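Report on the structure
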Amino acid sequence: MLLFAVAMPGPAWTAAVNSRRTTTTTHFRPRFSVSSVADGLGFPSFLPKEVEGIKDPYARKLASRIQRLPVTVGSSGDCIMSSCVMPLSSTQSRATTSPMVLLHGFDSSCLEWRYALPQLEEAGLEAWAVDVLGWGFSDLGLFCISSILLCMGSTFNVGEQQLTTLFVFLLFASIFGTLMEFLEKLPPCNVQTKREHLHQLWKTYIRRPIILVGPSLGAAIAIDFAVQYPEAVEKLVLIDASVYAEGTGGMATLPRTVAYAGVYLLKSALLRLFFNALTFDWLPLSTSIDWMNIGRLHCTYHWWADATVNFMRSGGYDVARLIPKINQKTLIIWGEDDKIISSKLGVRLHCELPNAIIRQIPNCGHIPHVEKPSSVAKLIKEFVQDQEDRSRKEDQLVGTPVS
């Protein structure tokens, strides 16, 4: 969910923002085996302090690898410190396939890949787990309304009560449009900007055709990107794809105050636990709570609400008409027991994509790379390396002399 972009002038504002930044195991045992996961790791200073309370050792290890890279977005040359997990140097040196970029779903982060990413790396695949702009752990603090409020409170020593009053006043003023003309002039953070951000990250740091992996709404992001930048995408992997929704629908026309109320409800523990119950049938309560904390870790950033409201009001992704334009070879993975998006839509997607194969995972719901990471990693590895082996054999045949 994207951001309400507002410029932040002056070093005092920046300093104020910066001043705000500041071994156990779960009962759940992942259905796979990887090398031992070290705990007690140090975390990047930009992660929310709540990361220390995460119990899942795989989430903790992946969180310790998150980095921020500068990515320039927009004609003004704004630089956003963008979060991702970069490939291990050992994996990069021995990879024989194209690099892989792992996206995530709606209002989520790269931590979705905490179980599957290590297995992809063990298979020798070069994988980037990237946070889509507006979600995850990128630094949007210099561009959003909430940052300005926090900076005002910090710079002028305004107390929490006065700051809350100021926030309510600004929201009230926005209803009558006193801020709208000013805000509309600023760069939006909509579908187009998400796409541009991903392209700039690819263009700056990867610079080779990629295998783009998109789960849930990430599949819509992947399709949108592949159509706009076909030279950047060699293959697609779409997991329980949310590609037939018509954007954010009626949410795009919600009054701003109603949108903010809905966003804070989205952050609530009860709603997140309900979603876990809908997605996973087999989770113990302690694991569900830990996964909820992992899933909403990025929501603790003060710019998250602005980002979410901006995404809702931008209209979101509507990519159904783009599906026939996808020419890249595509693997569709679907959990047979998905209660969020019917597996029938996976069959429909398979029929509409010109060059696709589909694989269903039994006893699995909407997020297979979390619930059945071994199966997902195996399918991706076979899909990626099968084409590589085929190309190698074709090269050998071309070089074989005819007797």
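- Going by the annotation in an unreviewed UniProt entry, the name recorded for the protein chain is AB hydrolase-1 domain-containing protein, with Linum tenue given as the source organism.

**Re the overall build of the protein chain**
- Helix and strand content of the protein chain: 16 helices and 8 strands.
- Carbon and sulfur atoms make up 57% of the accessible area of the protein chain, which amounts to about 18100 Å² in all.

**Some points on the environment of Leu345**
- With respect to the secondary-structure elements, Leu345 resides in helix α14 (residues 343-352).
- Its relative accessible area of 28% is what places Leu345 among the partly exposed residues.
- C-alpha of Leu345 to C-alpha of Asp240: the two residues are 105 residues apart in sequence and 8.8 Å apart in space.
- Look past the residues within four positions of Leu345 in its chain and what remains in contact with it is Tyr244 and Trp334.

**Here we look at the pairing of strand β6 (residues 233-239)**
- Within β6, 6 of the 7 residues are buried, leaving the element largely enclosed by the surrounding structure.
- Relative to β6, strand β5 (residues 210-215) runs parallel, the two being bridged by 6 bridges. The residue of β6 that forms the bridge with Pro215 is Ile239.
- Each parallel crossover has a hand, and for β5 linked through helix α9 (residues 217-228) to β6 it is right-handed.

**Observations regarding the nonpolar core**
- With 98 residues, the main nonpolar core has Met100, Val243 and Leu349 as its most contacted residues.
- Non-local contacts of Leu349, meaning those with residues more than four positions away in its chain, are made with Leu238, Ala241, Val243, Tyr244, Ile323, Ile332 and Trp334.

**Some details on the sheet that holds strand β8 (residues 356-361)**
- Overall, mixed pairing links the 8 strands, which are arranged β1-β2-β4-β3-β5-β6-β7-β8 in an open sheet. Where the open sheet ends on each side, the last strands, each with one partner, are β1 (66-73) and β8. Adjacent strand axes in the sheet meet at a mean angle of 25 degrees when their direction is disregarded.
- With respect to the sheet, helix α8 (residues 191-206) is in contact with β1, β2 (78-85), β3 (100-102), β4 (127-130) and β5, its orientation differing from that of β1 by roughly 110 degrees.
- With respect to the sheet, α14 is in contact with β6, β7 (329-335) and β8, its orientation differing from that of β7 by roughly 170 degrees.

**Brief notes about the pattern of salt bridges**
- Tallied over the full model, the rule gives 9 salt bridges.
- The partner of Asp107 in a salt bridge is Arg272, and the shortest N-O contact between them spans 2.5 Å. With Asp107 in the loop between β3 and α4 (116-122) and Arg272 in helix α11 (residues 269-279), this residue pair connects regions lying 165 residues apart in the sequence.
- Residue class for Asp107 comes out buried when judged on its relative accessible area of 4%.
- Judged by its relative accessible area of 13%, Arg272 is buried.
- Taking the shortest distance from any N to any O, the salt bridge between Glu352 and Arg348 comes out at 3.0 Å. Pair noted here: Glu352 and Arg348 are both in helix α14, with a separation of 4 residues, about one helical turn.
- With relative accessibility at 29%, the residue Glu352 sits in the partly exposed group.

**Concerning the packing of α11 against helix α12 (residues 285-295)**
- Direction vectors running N to C along α11 and α12 enclose 115 degrees, while the axes themselves pass 9 Å from each other. Taken as axis vectors, α11 and α12 run roughly perpendicular relative to one another. The chirality of how α11 crosses α12 is right-handed. Taking contact as the criterion, the partners of Ala269, Arg272, Leu273 and Asn276 in α11 are, on α12, Ser288, Ile289, Trp291, Met292 and Gly295.
- Taken together, the residues that form the contact of α11 with α12 break down as 5 nonpolar, 3 polar and 1 charged.

**Observations regarding helix α10 (residues 256-266)**
- Listed as buried for α10 are Arg256, Ala259, Tyr260 and Val263. For α10, the arc enclosing every buried residue in end-on projection is 100 degrees, short of the 170-degree limit, so these residues lie on one face.

**What to know about the pairing of β2**
- The sheet contact formed by β1 and β2 spans 8 bridges and is antiparallel. Bridging across to β2, Thr72 finds its partner in Cys79.
- The pairing of β2 with β4 spans 2 bridges and is antiparallel. Bridge pairing in β4 links Val85 to Ala129.

**Quick look at the packing of aromatic side chains**
- The final tally for this structure, using the stated rule, is 10 aromatic pairs.
- Ring geometry for Tyr58 and Tyr115: centres 5.5 Å apart, planes at 75 degrees, overall edge-to-face. Pair noted here: Tyr58 is in helix α2 (residues 57-64) and Tyr115 is in the loop between β3 and α4, with a separation of 57 residues, a long-range link. In terms of burial, Tyr58 and Tyr115 fall into one category: buried.
- Taken together, the ring pairs in this structure connect Tyr58, Tyr115, Phe280 and Trp291 into an aromatic cluster.

The rules behind each value
Residues numbered from 1 in each chain as written. Predicted model: local features only at pLDDT ≥ 70, side-chain atom pairs only at ≥ 80, totals over all residues. Heavy atoms only, no water. Helix = DSSP H or I, 4+ residues; strand = E, 2+ residues; numbered from the N terminus. Areas by Shrake-Rupley, 256 points an atom, 1.4 Å probe, with all protein chains shown as cover. Buried < 20%, exposed > 50% of the residue type's maximum accessible area, 1.4 Å probe, protein only. Contact = heavy atoms within 4.5 Å. Pairing = 2+ DSSP bridges. Right-handed = clockwise from strand over helix to strand, strands pointing away. Core = buried A, V, L, I, M, F, W, Y, C linked by side-chain atoms within 4.5 Å. Axes fitted to C-alpha atoms, helices over the stretch in contact; angles between N-to-C directions. Salt bridge = Lys/Arg side-chain N within 4 Å of Asp/Glu carboxyl O. Parallel < 35°, antiparallel > 145°, perpendicular 65-115°, else oblique. Left-handed = near helix turned anticlockwise from the far one by under 90°. Nonpolar A, V, L, I, M, F, W, Y, C, P; charged D, E, K, R; others polar. Arc of directions from axis to C-beta. Phe/Tyr/Trp six-rings, centres within 6.5 Å; stacked < 30°, edge-to-face > 60°.

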